[in-house]
Each structure stands twice: as structure tokens, then as C-alpha cells.
Amino acid sequence: MPYKCLVIDDNEIERDALEMHLLKISKLEIVAVCKDGIEAADVLSKTQIDIVFSDIDMPELSGIALLKSFKNHPLFVFITAHSEYAAESYEVDAIDFVLKPATFPRILKAANKAIEYLELKKKVSSAAEAVHEAPANHGDHFFFKETKGISKLKYNDVIYIESLGDFSKIFTANDMHIILVSLKNLEKQLPKNSFARVHKQYMININHIATLTTHEVHMNYNFIVPISASNRQELLESAIDKKILSRFIKH
């Protein structure tokens, strides 16, 4: 069965363009197309929706305010011309943030991310616990549950971790694991001397940092992870500044 989605944008041209993009994705069914947040709120109160593709800056009720108005809201993909909304959208756990003009490849990527999350949630919805052994203070490794069973992983094999809402993706050099543990809870359990939060949606193993730039962390094995300004400063102060070679040394 296709996933039911809702389209919201107060600009008719952009609303029609988004609808045309989504009609090309076979796993989606457009239930309604709304011209503003108020009309969308009425649809959401009466209809089960899986994914909302919404503009943010709309009169009377913004996309973010719409999301906040529902306790058990569907997944939201925000599509906006205003990049300054990115941080706030991730604070309310939007599944993705797309800048206008929204091309079909970018909309497809966002849709696939939401679909992947929904399908994973179905697979592990019966799992009571995803972490078999609390990682903290257990030597050089930890255990976790995934759909194929209980797996063991060494801390140093983890390159970075990406949030998928209630789930997390753990990336190693040659593999990727998906577990039913939020990034917030992983952050509390993983050793702080090796792992650092660099973004609302990402945590890295600092032992695998290759290069740090203004907006990205280039990791070993050619992985690139975004980093926020505040997290970059915290990373510099807590882990990197102490190890930077000094230009001048006092004798």
C-alpha cells in the first residue's frame, strides 16, 4: 500500500510543482493538496496521513506551528526558500529540510528518507528493546539488536551515526546498521572521550576525523558529515584545540 501524503504551500505555482514531483513516486498517494496551514490542520484532524510535505513560511499558521499543534504528528518534510529555518525544523524533528527551488531528485531523496523510516518502524515495532547491553563501561565494544538479531560492534569501528527520529543509522567502514535507539539516547550511552554530537542529526567518532572545515567534518573512508556552528565550537574546545600543534613553544 502506498504511503498517504499531504502537500501544503501557499504559492500555487510551487504547490503544483511539488504535487507533480510527488505524483512520480509510486510509493506515495497524495490525499490532499492544501493552500495553507489552517486547511491542512483540518485534513490532519480527520485523515490518517503518513508524510506531510509542507512549506514553512505561510500566513496565520506556519508549517512548524502546524507540526507543533499535533501531539502525534506524521512525518514532516519541510520545503522552503528560507535556509534560516533549518535549525528550527530539526529541533521539531522534521525528517528532512529541502530548499526551494525543489528539484525532483531532491524531493525523491526526501521522500525515500521518510519511506525508509516508516518501513523500518514497521519492521521493529514489536521490539521492546533495541540495546541488548548498555554500551557504557563495557570495554571496547557494545551489543545491539537489529532485525537480523543481536550484533556486536567495536566502538572504534563506528565512523558516525545519523538520526532517523526514533531510529539511528550506525556507519562503519564497510557496513551500516539500523537500530531502534534515538541519537539522543545513544549520546547518553556512548563514551564521551570518543563520540561527539556535531549536528541535530549526527554524531561522530572523533578518532576518525580527517579534516574539519567550517560547515563539514570529513571523516576517514570518505564520509562527510555536516556540523553546526555551536557544535563545531564545542568540538574544538573539548577535543581538538588540546591537540593542535603550537606554532611557538616556550622553552
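Residues numbered from 1 in each chain as written. Predicted model: local features only at pLDDT ≥ 70, side-chain atom pairs only at ≥ 80, totals over all residues. Heavy atoms only, no water.

I'm lost on the sheet that holds strand S3 (residues 51–54) in this one. Help?
Sheets are built from strands that pair by backbone hydrogen bonding, the pairs being arranged parallel or antiparallel. Pairing is parallel in the open sheet, where five strands are placed in the order S2-S1-S3-S4-S5. Two strands in the sheet have a free side with no partner beyond their single neighbour: strand S2 (28–34) and strand S5 (96–99). Strand-to-strand twist of the sheet, defined as the mean angle between neighbouring strand axes without regard to direction, takes the value 20 degrees. Across four bridges, strand S1 (residues 3–8) lies against S3 in parallel orientation. Across the sheet, residue Ile8 finds its bridge partner in S3, namely Ser54. (Pairing = 2+ DSSP bridges. Helix = DSSP H or I, 4+ residues; strand = E, 2+ residues; numbered from the N terminus. Axes fitted to C-alpha atoms, helices over the stretch in contact; angles between N-to-C directions.)

Please explain the nonpolar core as it appears in this structure.
Within soluble globular proteins, side chains that are nonpolar generally end up buried alongside one another. Residues Leu22, Leu28, Ile51, Phe53 and Val77 are the most contacted members of the largest nonpolar core, which totals 26 residues. Counting only elements with at least two residues in this core, the list comes to S1, helix H1 (12–23), S2, S3, strand S4 (75–80) and helix H5 (104–124). Sort the elements by how many residues they give to this core and H5 lands first, with eight residues. With sequence-adjacent residues up to four places away left out, Leu28 is seen in contact with Pro2, Tyr3, Cys5, Leu22, Ile51, Phe53, Ala111 and Ile115. Core analysis: the next-biggest nonpolar cluster, separate from the first, contains 21 residues, Ile8, Met58, Leu66 and Leu67 among them. (Core = buried A, V, L, I, M, F, W, Y, C linked by side-chain atoms within 4.5 Å. Buried < 20%, exposed > 50% of the residue type's maximum accessible area, 1.4 Å probe, protein only. Contact = heavy atoms within 4.5 Å.)

Sorry, what's going on with the pattern of salt bridges here?
Should their charged atoms come close, side chains of opposite charge can pair. For the coordinates displayed, the defined rule picks out eleven salt bridges. One salt bridge in this structure joins Lys46 and Asp42, with 3.3 Å as the shortest N-O distance. With a gap of four residues between them, Lys46 and Asp42 both fall in helix H2 (residues 37–46), about one helical turn apart. Judged by relative accessible area, which is 64%, Lys46 ranks as exposed. The partner of Arg197 in a salt bridge is Glu187, with the nearest N and O atoms 2.6 Å apart. Of the two residues, Arg197 is situated in strand S11 (residues 195–199) and Glu187 in helix H6 (residues 183–189); the sequence distance between them amounts to ten residues. Judged by its relative accessible area of 30%, Glu187 falls in the partly exposed class. (Salt bridge = Lys/Arg side-chain N within 4 Å of Asp/Glu carboxyl O.)

So far we have only geometry, and geometry alone does not tell us how the molecule works.
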